[in-house]
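What the coordinates show
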Amino acid sequence: MKYVLVTGGVVSGLGKGVTASSIGLLLKACGLRVTSIKIDPYLNTDAGTMSPFEHGEVFVLDDGGEVDLDLGNYERFLDIKLTRDNNITTGKIYQSVIDKERKGDYLGKTVQVVPHITDATQEWIERVAKVPVDGKEGPADVCVIELGGTIGDIESMPFIEALRQFSYRVGPGNFCLIHVSLVPVINVVGEQKTKPTQHSVRGLRGLGLTPNILACRSTKELDENVKLKLSQFCHVPVENIVTLYDVPNIWHIPLLLRDQKTHESILKELNLQGIAREPDLHEWTVRTTVCDMLHDPVRIAMVGKYTGLSDSYLSVLKALLHASVACHRKLIVEWVAAGDLEDATAKKAPDVYKAAWDLLKGADGILVPGGFGDRGVQGKILAAKYARENRVPFLGICLGMQIAVIEFARSVLGLYDANSTEFDPDTSNPCVIFMPEGSKTQMGGTMRLGSRRTFYKVPDCKSAKLYGNVSFVDERHRHRYEVNPDMISRFEKAGLSFVGRDETGWRMEIVELLGHPYFVGVQFHPEFKSRPGKPSALFLGLIAAACGQLEVVLQKYGHASKLLPNGMSNGKSTVKVYQNGNGFKSCNGSINGVYSNGNGVHF
């Protein structure tokens, strides 16, 4: 087994996750099998109990693991299925050591950070790296490990020591360290400054780890004299210093790495030159080019609670992007804070209220993602009502499905106090109820989590056709509440059809509004399984409906995977090429190729 470690320095948020994912993709394109591990130095056992404002979205795996959002990047880029053990946290490691201590496994020894915590970390890495994640038998060729945080963090020290020992343990030729560091440009003089990276590498070397490759984040490509300076002071060959400069969307990053021959440096360090081939990134290149060329917009109103941080809905954004590229449309996300749509805002801040409603009414489609808590719920209900009454394409995910059911009960069935028991435990018309097997006292890992099977009760419906006329689908879940099965007959008589249910037939999974162009709610989270070359069927349906292509998609393609990964048909590009005279430019507000109404560019 070969190991590639990705560390970060100077500041957090440089894009280590995207870099690690891109390195994995590049090695996969060289014909190697790749797996990934993310190390998070926080004490939480997993990401499940953290607010999205703290750490971005909680990504859910097939096995129900609630993990860091970077594992979503790994899955999307590498098209693999990871497990909960692919995300290591301080909490997990310490818990495993303490459990062994309580059993007496250490035979009376004093349990310490070194060697017990560091040994547990190394053993965890070796064990998980051997687990196949690509559907094939046997271990992968390379494991890409990302260490969260920055060099010098107190909380990271046990992991750095473990990885120092690990590099010696696996030996030369089996370990490659890539350090991602910032090379800022001082606006006053326009000069690229190397001192932050020098200090970062010095700190790393002082801890016993020496980088083989430097991946320098900067606004522009590094000057040759800057590379020479970094090479001299950081003891890294010039050819092993690569620039990760700002790009229109993150799909460019693997191409940047390839163009700078990063794979050759990695393969040389890992003694894989005679095994690997030249990277084949043709499909990825075409898809990236198509994404840059898209001109005709499709506007999707994202009505949510955490709109102040786009990473809170990262997988949803990616799924929308995958679908929009497949439909040859430039995605524009209109961020609508759900609370701004409510009557209370109209009284307190009428301008904010008007702006929110203008965005909603100007959108081609409306999406209400998942969430927890009652803040903004009334605004989400109003958004669902607007979409239903005005025949605007709508997709509700998890809570988004539940609020659509509540709105229908209130507006169509006349049950004016209809609600979820999450928001009103005493409602006389509980449309959404707490699941019988749930726990109200224990928070972590007690929801209905992971991949579950949904069976189609109504095969001739839009969502079934989008999935390819299948009889069932497997999608990932994360919820504590569900639609009340005792009220289903009343809903269906009024035109709200629960087309998909679990194996018991009592748990509602997919709902569609009869006679509406596209009004779909799902209890699961389809965004977690969307891939750049395989857009999620339901997101594809939303985008297609929003730009008037739904019938074509339903008739011609039938299933998202039948759209070629690069958004092309029969080998010929059907996308129109638009230029502005001097190539393509990203505009302000671009988020990894997604254009939004007020969030800055980030890597």
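Basis of the calculations
- Residues numbered from 1 in each chain as written.
- Predicted model: local features only at pLDDT ≥ 70, side-chain atom pairs only at ≥ 80, totals over all residues.
- Heavy atoms only, no water.
- UniProt positions renumbered as here; feature names shortened; annotations may be inferred.
- Core = buried A, V, L, I, M, F, W, Y, C linked by side-chain atoms within 4.5 Å.
- Buried < 20%, exposed > 50% of the residue type's maximum accessible area, 1.4 Å probe, protein only.
- Helix = DSSP H or I, 4+ residues; strand = E, 2+ residues; numbered from the N terminus.
- Domains from an automatic or database assignment.
- Contact = heavy atoms within 4.5 Å.
- Pairing = 2+ DSSP bridges.
- Axes fitted to C-alpha atoms, helices over the stretch in contact; angles between N-to-C directions.
- Phe/Tyr/Trp six-rings, centres within 6.5 Å; stacked < 30°, edge-to-face > 60°.
- Lys NZ or Arg CZ within 6 Å of the ring centre and 35° of its normal.
- Patch = residues over 30% accessible without salt bridge, like charges linked within 9 Å, V, L, I, M, F, W, Y side chains within 5 Å.
- Areas by Shrake-Rupley, 256 points an atom, 1.4 Å probe, with all protein chains shown as cover.
- Salt bridge = Lys/Arg side-chain N within 4 Å of Asp/Glu carboxyl O.
- 1 Å grid on protein atoms, 1.4 Å probe; cavity = no way out; pocket = protein on both sides within 12 Å on 5 of 7 lines; lining within 4 Å.
- Points joined across faces, edges and corners; volume = space filled by probe spheres on them.
- Nonpolar A, V, L, I, M, F, W, Y, C, P; charged D, E, K, R; others polar.

Looking at an unreviewed UniProt entry, one finds the protein named CTP synthase and attributed to Manihot esculenta. Under the UniProt heading Catalytic activity (unreviewed entry), the note attached to the protein is "UTP + L-glutamine + ATP + H2O = CTP + L-glutamate + ADP + phosphate + 2 H(+)".

1. Re the nonpolar core
In terms of nonpolar packing, the biggest core is built from 98 residues, with Val-4, Leu-320 and Leu-367 touching the most fellow members. It is helix 19 (residues 537-546) that contributes the most residues to this core, nine residues altogether. Taken together, domain 1 (2-288) and domain 2 (294-434 + 482-551) each give at least three residues to this core, which thus spans both. In this view, Leu-320 contacts Ile-300, Met-302, Leu-331, Val-333, Leu-367, Phe-539, Leu-542 and Ile-543; residues no more than four positions away in its chain are not counted. Within the second largest apolar cluster, 44 residues are counted, among which are Leu-341, Val-368, Ala-404 and Phe-491.

2. Things to note about the sheet that holds strand 2 (residues 34-40)
Ordered in space as 5-2-6-1-7-10-11, the seven strands form an open sheet in which the pairing is parallel. Lying at the two open borders of the sheet, with one neighbouring strand each, are strand 5 (87-89) and strand 11 (241-245). The average undirected angle you get between the axes of adjacent strands in this sheet is 20 degrees. Lying on the sheet, helix 8 (residues 224-234) is in contact with strand 10 (213-218) and strand 11; it crosses strand 11 at an angle near 125 degrees.

3. Comments concerning the packing of aromatic side chains
On inspection of all chains with the given rule, the structure shows 12 aromatic pairs. Aromatic pair Trp-357 and Tyr-386: ring centres 6.2 Å apart, planes at 70 degrees, arrangement edge-to-face. Placement of the pair is Trp-357 in helix 14 (residues 350-361) and Tyr-386 in helix 15 (residues 377-389), with a sequence separation of 29 residues. By the burial criterion, Trp-357 is buried, and Tyr-386 matches it. By the ring-pair criterion, three or more aromatic residues cluster together here, those being Phe-77, Trp-251 and Trp-284. Above the face of the Trp-124 ring, Arg-127 is positioned so that its terminal group lies 5.0 Å from the ring centre.

4. Some remarks on the environment of Pro-459
Relative to the helices and strands, Pro-459 resides in the loop between strand 18 (448-456) and helix 17 (462-466). As for Pro-459 and Ser-471, which are separated by 12 residues in sequence, their C-alpha atoms are 6.8 Å apart.

5. Re a nonpolar patch on the surface
Taken together, the side chains of Ile-186, Val-188 and Val-189 define a hydrophobic patch exposed on the protein surface, amounting to about 310 Å² of accessible area. Among the secondary structure elements, Val-188 is positioned in the loop between strand 8 (185-186) and strand 9 (191-192).

6. A look at helix 9 (residues 252-259)
Every α-helical turn comprises 3.6 residues, leaving residues that sit three or four positions apart pointing alike. Across the eight residues that make up helix 9, a large majority, six, are buried. Regarding helix 9, the residues found buried are His-252, Ile-253, Pro-254, Leu-255, Leu-256 and Leu-257. Where helix 9 is buried, its residues touch helix 1 (16-29), helix 3 (70-78), strand 11, helix 10 (262-269) and helix 11 (282-293).

7. A word on the side chain of Lys-38
Assignment of secondary structure puts Lys-38 in strand 2. Contacts of Lys-38, omitting those with residues within four sequence positions, involve Asp-68, Asp-70, Leu-71, Tyr-74, Asn-86, Asn-87, Ile-88, Glu-146 and Gly-148.

8. Description of the side chain of Ser-200
With respect to the element layout, Ser-200 can be found in helix 7 (residues 195-206). For Ser-200, a relative accessible area of 8% translates into the label buried. With near-sequence residues (within four places) excluded, Ser-200 lies in contact with Gly-9, Val-10, Ile-151, His-179 and Ser-181.

9. Side note on the sheet that holds strand 16 (residues 419-420)
Strand order across the open sheet formed by three strands is 16-17-20, with mixed pairing between neighbours. Unpaired on one side and paired on the other, strand 16 and strand 20 (481-483) mark the two borders of the sheet. Summarising the sheet, strand 17 (residues 430-434) and strand 20 pair through three bridges and their orientation is antiparallel. Across the sheet, residue Ile-433 finds its bridge partner in strand 20, namely Glu-482. Helix 16 (residues 399-411) rests against strand 16, strand 17 and strand 20 of the sheet, and its axis sits at about 150 degrees to strand 17.

10. What to know about empty space enclosed by the protein
Applying the stated rule across the entire model yields four cavities of 30 Å³ or more. Approximately 70 Å³ is the volume found for the second largest cavity. Counted by class, the lining of the second largest cavity contains four nonpolar, three polar and two charged residues.

11. Some details on the pairing of strand 23 (residues 519-522)
Neither face of strand 23 is exposed, since Phe-519 and Gly-521 on one face and Val-520 and Val-522 on the opposite face are all buried. Bridge count for strand 15 (residues 394-397) against strand 23 is four bridges, and the pairing is parallel. Pairing of Ile-397 across the sheet is with Val-522, part of strand 23. Pairing geometry for strand 22 (residues 508-513) and strand 23, over three bridges, is antiparallel. Looking at the pairing, Val-511 lines up with Gly-521 of strand 23. Between the end of strand 22 and the start of strand 23, which pair antiparallel, lie five residues, with Gly-515 showing a positive phi angle near 85 degrees.

12. Considerations on helix 10
Among the residues of helix 10, those classed as buried are Thr-262, His-263, Ser-265, Ile-266 and Leu-267. Along its buried surface, helix 10 packs onto strand 1 (2-8), helix 1, strand 7 (175-182), strand 10, strand 11 and helix 9. Asn-271 lies just past helix 10 and shows a positive phi near 55 degrees.

13. What about the UniProt feature "domain: CTP synthase N-terminal" (unreviewed entry) in the protein?
Mapped onto this structure's residue numbering, the UniProt feature "domain: CTP synthase N-terminal" (unreviewed entry) falls at residues 2-272. Along residues 2-272, the helical share is 41% and the strand share 18%, with 9 Å between the first and last C-alpha atoms.

14. Some details on the pattern of salt bridges
Per the counting criterion, the structure on display carries 30 salt bridges. In this structure, Glu-101 engages Arg-102 in a salt bridge whose closest nitrogen and oxygen atoms are separated by 2.8 Å. Where salt bridges share partners, they join Asp-62, Glu-75, Asp-79, Lys-81, Arg-476, Arg-531 and Lys-534 into one cluster.

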